[in-house]
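Each chain, letter by letter, is given below.
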Amino acid sequence: MSIQEKITTLREELRGHNYNYYVLDEPTISDYEFDIKLKELQKLEEAHPEFHDPTSPTLRVGGEVTKNFETIQHEHRMYSLDNSYSKEDLEDWEKRIQRILGDVDVEFTCELKYDGASISLTYEDGLLVRAVTRGDGFQGDDVTTNIKTIKSVPLQLKGDYPPKFDIRGEIILTLDGFAQMNKERVEAGEDPYMNPRNTASGSLKLQDSALVAQRPLECLLYSIVGKNVDISTQFEVLEKARAWGFKVPTVAKLRKTTDEVMQFVEHWDEKRHNLPYETDGVVIKVNSLRHQEELGYTAKAPRWAMAYKFKAEQVSTVLNEITYQVGRTGAITPVANLEPVLLAGTTVKRASLHNADQIEKLDIREGDTVFVEKGGEIIPKIIAVDFTKRPADSTPTIYIQNCPECETPLVRKEGEAQHFCPNDTGCPTQITGRIQHFISRKAMDIEGLGGETVELLFKEGLIANYADLYVLTKEQIMPLERMAEKSAENLVNGVAASKSIPFERVLFALGIRYVGETVAKKLAKAYKNIDALMVASEEELVAVDEIGGRIAESVVQFFGNPDNVAIVDRLKAYGLQFSLSEEQLENQSEKLKGQTFVVSGVFESLGRTELKKLIEDNGGKVASSISSKTSFLVAGANMGPSKKTKAENLGVPIISEQDFLSKLD
Ligand code: AMP
Ligand code: ZN
């Protein structure tokens, strides 16, 4: 046998063993034998780099180091899921679906909701070319190098896969693997990790892929996206993915009625404790992909899928102390400090108490034994007091009246649940909180600067607001604790680099109350630059699509404060982006202003998402169902018959993709 043949044979053989072990969970040789063969291959490859193969099983051990994970735009957005908690919720959902689809039979695929970190894998000609985290759904981080070390992710597919597609799944840590990892950590004198989900998601962003390779991560797949993928149902998606070599749990089942779906849910609500990994619910999906197309998406989630959340687990423990946190907007959050207790696999020490009303309503007091529940959220919540265990000397909780950070008397506005510290320019936590928000990833994403450094810089009197960051010098920073020349330089460079962050993110970074990421995007698009936005009145603002009174009031108030205006002026002078770029402007127009479109069917030159974006970028509105207010129905191939009839009945013009595109010429 020639060297080349030897290498190829070993690779084939090891690939097969990986597949048997990690995908099928049915190893046919011992770990020891596997290691010997792997080492043999490694040696041969080292001696003969001319036979390099990017899909070789030896690459699974990692070693490549990623300094910065590149941000990648998702070709198809990664959505969240809507949640349901009861049979009634599911029935309502089914009714909504039937209303849109008309009188057709709808089947459902039921899958488990794996609790890990979502991932999108891109395959071209059967090879894994890219792996991207979900990020904010629109863009994520390129973590390909790390993902390649996860053995259940095929580097090379088998069977008749399409030439190019994305497949989505969840990166998880098995419970056994997690326990083993923690055991090793404790033995090595390190703190154990909190829970499998956070650890799995943290693993994806480790810089050293060799460390990732050592973690018992798995990738479970559940959805395929892409054009020219010849599949017609979700159930088939799962079967095909399995046939191409992906790990797809076989618990998924096809169900015809809500009753059958509920049986699946109830079965797994009980049996989930026997699964090798954590699940927090079931995901129910409309089986026909054509129906899925027709149902489309809301702003946040597909209409064709629904998560059914399992009821969270509960424990009781003693509440030792109530403390109060101050947020960046001055909002006060009471926190319950608990006697540590194990809940759903994690040790719980703190729980949110939300606000004064909540404490009063549940009559929560220090020293009480309370019931704690953990839903999907990271911070668990207290749902009730165990009054049978209340100590005899217990006294009602008196909510604080002054800010725990600056002593200012707290205020509570009419109709608001939260107490606030009104000292927004002088309360240290609010000041640093705002700066921390400003530099955060989704805002200015300033590299080389973290939350603790912000506190330090503030404490040392080097910054008093976020504009001050832009005049910091290396010389000022270097003398600080834990700062070396290199880190000071990184900080200054990171701040300078943030000057190219686009307008909508700068707007988000300013930290105007109620102006989150999505609202910032909407405002940026509507006003195009900060000068126009700064002079907008409440009436003008609420006229912008999806901007409500509360947001409008907050924006006007923010720019009505001369301190804020002065800071914005400084930021402008430092060169931050305060208007949409040429490119952003070029792709926008008002050509479709006042027109509402419904999009249905499959299109030739554009994806549905692209089509919808075009409509919105050009001032039009996209609606999901046809009404008398609809201006046009843009019809692609295989459009649902019920939509067509409805449009005809209401006299809504039906236009083709070409007709639509010509409106933009
Ligand atoms: P959420 O983040 O709670 O809105 O839930 C949406 C997430 O559930 C998706 O981003 C996926 O990462 C995850 N997920 C887990 N299992 C599944 C599944 N079987 N089908 C679809 N999504 C799933
Ligand atoms: Zn305060």
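Per an unreviewed UniProt entry, the protein chain carries the name DNA ligase and comes from Flagellimonas algicola. The Function (unreviewed entry) comment attached to the protein chain in UniProt states, word for word, "DNA ligase that catalyzes the formation of phosphodiester linkages between 5'-phosphoryl and 3'-hydroxyl groups in double-stranded DNA using NAD as a coenzyme and as the energy source for the reaction. It is essential for DNA replication and repair of damaged DNA." Listed in UniProt under the heading Sequence similarities (unreviewed entry), the comment for the protein chain reads: "Belongs to the NAD-dependent DNA ligase family. LigA subfamily."

Caption draft 1: Geometry of the environment of Glu-485. Within the element layout of this structure, Glu-485 appears in helix α15 (residues 485-497). Separated by 369 residues in the primary sequence, Glu-485 and Gly-116 have C-alpha atoms spaced 38 Å apart. Contacts of Glu-485, omitting those with residues within four sequence positions, involve Lys-474 and Met-478.

Caption draft 2: Representation of a negative patch on the surface. Side chains of Glu-538, Glu-539, Glu-540 and Glu-553 sit close together on the surface and give a patch of like negative charge. Looking at which element gives the most residues to the negative patch, the answer is helix α19 (residues 538-543), with three residues. Considering the arrangement of structural elements, one finds Glu-540 in helix α19. A relative accessible area of 45% means that Glu-540 is categorised as partly exposed.

Caption draft 3: Expanded view of the site of ligand 1. Around ligand 1 sit 13 residues in total, of which Glu-111, Arg-134, Glu-170, Tyr-222 and Lys-285 are the nearest. The side chain of Arg-134 places a nitrogen or oxygen atom 2.5 Å from an oxygen atom of ligand 1. Contacts to ligand 1 include Glu-170, whose side-chain N or O atom sits 2.4 Å from an oxygen atom. Summarising the interface, the protein chains cover 85% of the accessible area of ligand 1, which totals 490 Å² for the free molecule. Sorting the residues of the shell around ligand 1 by element identifies β3 (108-114) and β10 (279-286) as the ones contributing at least two each.

Caption draft 4: Representation of the UniProt feature "domain: BRCT" (unreviewed entry) in the protein chain. Within this numbering scheme, the UniProt entry marks residues 587-665 as carrying the feature "domain: BRCT" (unreviewed entry). Helix makes up 34% of residues 587-665 and strand makes up 18%, while its end C-alpha atoms are separated by 12 Å.

Caption draft 5: A look at the coordination of the zinc ion (ligand 2). Taken together, Cys-403 (SG), Cys-406 (SG), Cys-421 (SG) and Cys-427 (SG) make up the full set of protein donors to the zinc ion (ligand 2), lying 2.2 to 2.4 Å away. Viewed at the metal, the four donor atoms of the zinc ion (ligand 2) are separated by angles of 98 to 115 degrees, and the geometry they form is tetrahedral. Counting the intervening residues between successive donors of the zinc ion (ligand 2) yields the motif C-x2-C-x14-C-x5-C. Placement of the pair is Cys-406 in the loop between β16 (381-385) and α12 (428-439) and Cys-427 in the loop between β16 and α12, with a sequence separation of 21 residues.

Caption draft 6: Region of the structure containing the sheet that holds strand β4 (residues 117-124). With antiparallel pairing, four strands are arranged side by side in an open sheet as β5-β4-β7-β8. In this open sheet, the two edge strands, each paired with only one partner strand, are β5 (127-133) and β8 (217-225). Strand-to-strand twist across the sheet, computed as the mean angle between neighbouring axes with direction ignored, equals 30 degrees. The pairing of β4 with strand β7 (residues 164-173) spans eight bridges and is classified as antiparallel. Residue Ala-117 lies in a different strand from β7, and its bridge partner there is Ile-171. Contacts from helix α8 (residues 234-243) reach β7 and β8 within the one sheet, and its direction differs from that of β8 by about 135 degrees.

Caption draft 7: Layout of the UniProt feature "binding site: Zn(2+)" (unreviewed entry) in the protein chain. When the UniProt feature table is mapped onto this chain numbering, "binding site: Zn(2+)" (unreviewed entry) sits at Cys-403, Cys-406, Cys-421 and Cys-427. Across 25 residues of sequence, these annotated residues stay compact in space, with a maximum C-alpha separation of 8.6 Å. Among the annotated residues just listed, those lining the second largest pocket are Cys-421. Apart from the residues lying within four places of it in its own chain, the contact partners of Cys-406 are Cys-421, Asn-423, Cys-427 and Pro-428. Residues within four places of Cys-427 in sequence aside, it is in contact with Val-326, Cys-403, Glu-405, Cys-406 and Cys-421.

What counts and what doesn't
Residues numbered from 1 in each chain as written. Chains lettered and ligands numbered in written order. Predicted model: local features only at pLDDT ≥ 70, side-chain atom pairs only at ≥ 80, totals over all residues. Heavy atoms only, no water. UniProt positions renumbered as here; feature names shortened; annotations may be inferred. Helix = DSSP H or I, 4+ residues; strand = E, 2+ residues; numbered from the N terminus. Contact = heavy atoms within 4.5 Å. Patch = residues over 30% accessible without salt bridge, like charges linked within 9 Å, V, L, I, M, F, W, Y side chains within 5 Å. Areas by Shrake-Rupley, 256 points an atom, 1.4 Å probe, with all protein chains shown as cover. Salt bridge = Lys/Arg side-chain N within 4 Å of Asp/Glu carboxyl O. Lys, Arg positive; Asp, Glu negative; His and termini not counted. Charge placed at Lys NZ, Arg CZ, Asp CG, Glu CD. Buried < 20%, exposed > 50% of the residue type's maximum accessible area, 1.4 Å probe, protein only. Near = heavy atom within 4 Å. Polar contact = N/O pair within 3.5 Å; in protein donor to acceptor, adjacent residues only side chain to side chain. Donors = N, O, S within 2.8 Å, 3.2 Å for Na, K, Ca; no water. Tetrahedral: all angles 85-135°; square planar, octahedral: opposite > 155°, others 65-115°. Pairing = 2+ DSSP bridges. Axes fitted to C-alpha atoms, helices over the stretch in contact; angles between N-to-C directions. 1 Å grid on protein atoms, 1.4 Å probe; cavity = no way out; pocket = protein on both sides within 12 Å on 5 of 7 lines; lining within 4 Å.

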